[in-house]
Amino acid sequence: MRRRFRLFRSLLQRLTADVGIDLGTAYSLVYVRNHGVVLNEPSVVALNATTRQVLAVGKEAKEMVGRTPGHIVAVRPLVDGVISDFEVTEAMLRYFLEQVHKQRIALIPRPRVVVGIPYGVTEVERRAVEEAALNAGAREVYLIEEPMAAAIGAQLPVQEATGSLIVDIGGGTTEVAVLSLGGIVTSRSVRTAGDELNEDIVRFARDEHNLLLGERTAEEVKIAVGSAWPLTEKLSHPMRGRDLVSGLPREVIVDSEAIRKAIDRSVRVIIDAVKLTIEETPPELLADLMTRGITLAGGGGLLRGLDRRLADVTNVPVHIANDPLTCVARGTGAVLENLDVLQGVLLPTAYRS
Ligand code: ADP
Ligand code: MG
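Just so we're clear, the structure is a prediction, and the values are computed from it rather than from any experiment.

(A) The arrangement of the sheet that holds strand β2 (residues 27-32) in detail. Sheet architecture is open: five strands sit in the order β3-β2-β1-β7-β8, paired in mixed fashion. Every interior strand has two partners, whereas the edge strands, β3 (36-42) and β8 (140-145), have only one. Averaged over all pairs of adjacent strands, the angle between strand axes in this sheet comes to 20°, irrespective of strand direction. Note: strand β1 (residues 19-23) against β2, five bridges, orientation antiparallel. What sits directly across from Asp22, in β2, is Leu29.

Shown next as structure tokens:
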């Protein structure tokens, strides 16, 4: 009887849509076991500022930004790669799990959840994410550091006795890590990434053109013409904002040269983080890096010519991961699907039933 029950339970568990979650500073992605990435939404939560009631999460929350009455605020709970607000993080996790588990049948067990968290978060923050995921409906929670998940998603041989270098450039943070034998050997995280490049463009528009740009317009310009290495063909793009003198709308055409200069200081910070990490890498692993190269992940890895620039500065070949924006999510998915093999790359967790 007992055996049959166990068999039945394991069958049901197989039907559970176990999920991997990339809690990014800009975007959060959800991977469902055997399905792939099913959800990709901005890491934004809209709150009533006075009652702190959660009004919307994800796309809907992002659309509310700047268009809503004063008492509604939009929070990006992970903006600097730290979990700044426990309740808001929990609300976000709950929303994601609900999206995936909408049509659940009561009998099917709750999902196991693998969450990618920024490298170097404190023990307290780790606990907070774990509890948030359990409160949000997870049966079991596994935590993995984002650089590790990104490397697994990029199909680097993280468990082998060879060094792999991953650079994950997100919205709020750039994380650089050298991995070997299932662990992080050296790493560093800087709070200069995609958002900072947008801010550079806002500053450039204000200082050089007396133009007040919105953050989203700046991002659009960055993606349209931004670069870290001279382009063979100059690109240009309209930049629309408010003239700071007349207060009226105005359009300026900018080119890739100007934008490259505008973002250069931040690009250098990112490159220096990689250089410093390489300098701290044990010599045996350096030899591996020379042959395996550096792998770029995260949306920031798509900046034109960043691969070329990094290769030029470091003398190490640079590759952009396949689909860099989904590396972490696919990495958490690979862990879910191979828990027995990849168990060793997970962080210790406190509560596991
Ligand atoms: P996170 O993991 O922190 O949520 P992502 O890996 O999703 O971040 O990357 C988001 C960042 O990547 C944003 O700053 C976005 O502007 C930037 N980004 C996305 N596509 C491009 C592109 N083609 N060129 C340059 N930056 C990009
Ligand atoms: Mg990320």
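(B) Highlighting the site of ligand 1. In the vicinity of ligand 1 there are 17 residues, among which Thr25, Ala26, Tyr27, Glu219 and Lys222 approach most closely. Take Thr25: an N or O atom from its side chain is 2.5 Å from an oxygen atom of ligand 1. One of the backbone nitrogen or oxygen atoms of Tyr27 is found 2.8 Å away from an oxygen atom of ligand 1. Against a free-state accessible area of 580 Å², the protein chains account for coverage of 88% of ligand 1. The greatest single-element share of the shell around ligand 1, amounting to three residues, is contributed by helix α7 (residues 215-225). Residue composition of the shell around ligand 1, grouped by class: six nonpolar, eight polar and three charged.

(C) Broad picture of the pattern of salt bridges. Enumeration according to the criterion identifies 15 salt bridges in this entry. The partner of Asp18 in a salt bridge is Arg112, with the nearest N and O atoms 3.2 Å apart. Here Arg112 lies in strand β7 (residues 112-117) and Asp18 lies in the loop between α1 (2-15) and β1, a separation of 94 residues in the sequence. When its relative accessible area of 1% is taken as the criterion, Asp18 is described as buried.

(D) Main features of the sheet that holds strand β12 (residues 211-212). Strand order in this open sheet of three strands is β12-β13-β14, and the pairing throughout is antiparallel. Unpaired on one side and paired on the other, β12 and β14 (249-255) mark the two borders of the sheet. Lying on the sheet, helix α6 (residues 194-209) is in contact with β12, β13 (236-243) and β14; it crosses β14 at an angle near 105°.

(E) Quick peek at the nonpolar core. Membership of the largest hydrophobic core comes to 38 residues, with the highest contact counts inside it found for Leu165, Val167, Met239, Ile259, Val267 and Ile294. Here this core takes nine residues from helix α8 (residues 256-279), the largest share from any one element. Beyond its immediate sequence surroundings of up to four residues, Met239 is in contact with Phe204, Ala205, His209, Leu211, Leu213, Val221, Arg250, Glu251, Val252 and Val254. Formed by 31 residues, the second largest nonpolar core is a distinct cluster that contains Val30, Leu78, Val88 and Leu347.

(F) Spatial organisation of the packing of α8 against helix α10 (residues 306-314). Packing of α8 against α10 leaves a shortest axis separation of 11 Å and a crossing angle of 50°. Classified by the angle their axes make, α8 and α10 are oblique. Seen from above, α8 lies across α10 with right-handed handedness. Contacts from Asp264, Val267, Arg268, Ile271, Val274, Lys275 and Ile278 of α8 reach α10 at Leu306, Arg309, Leu310, Val313 and Thr314. Partitioned by chemical class, the residues of the contact of α8 with α10 number seven nonpolar, one polar and four charged.

(G) Quick look at the environment of Thr277. Mapped onto the secondary structure, Thr277 falls in helix α8. Here the alpha-carbon distance between Thr277 and Val185, two residues 92 residues apart in the chain, equals 10.0 Å. Once residues within four sequence positions are removed from consideration, Thr277 is found in contact with Val176, Val178, Thr186, Ser187 and Arg188. Reaching out from Thr277, the side chain makes a polar contact with the backbone oxygen of Ala273 at a distance of 2.6 Å.

Each value, and the rule that gives it
- Residues numbered from 1 in each chain as written.
- Chains lettered and ligands numbered in written order.
- Predicted model: local features only at pLDDT ≥ 70, side-chain atom pairs only at ≥ 80, totals over all residues.
- Heavy atoms only, no water.
- Pairing = 2+ DSSP bridges.
- Helix = DSSP H or I, 4+ residues; strand = E, 2+ residues; numbered from the N terminus.
- Axes fitted to C-alpha atoms, helices over the stretch in contact; angles between N-to-C directions.
- Near = heavy atom within 4 Å.
- Polar contact = N/O pair within 3.5 Å; in protein donor to acceptor, adjacent residues only side chain to side chain.
- Areas by Shrake-Rupley, 256 points an atom, 1.4 Å probe, with all protein chains shown as cover.
- Nonpolar A, V, L, I, M, F, W, Y, C, P; charged D, E, K, R; others polar.
- Salt bridge = Lys/Arg side-chain N within 4 Å of Asp/Glu carboxyl O.
- Buried < 20%, exposed > 50% of the residue type's maximum accessible area, 1.4 Å probe, protein only.
- Contact = heavy atoms within 4.5 Å.
- Core = buried A, V, L, I, M, F, W, Y, C linked by side-chain atoms within 4.5 Å.
- Parallel < 35°, antiparallel > 145°, perpendicular 65-115°, else oblique.
- Left-handed = near helix turned anticlockwise from the far one by under 90°.

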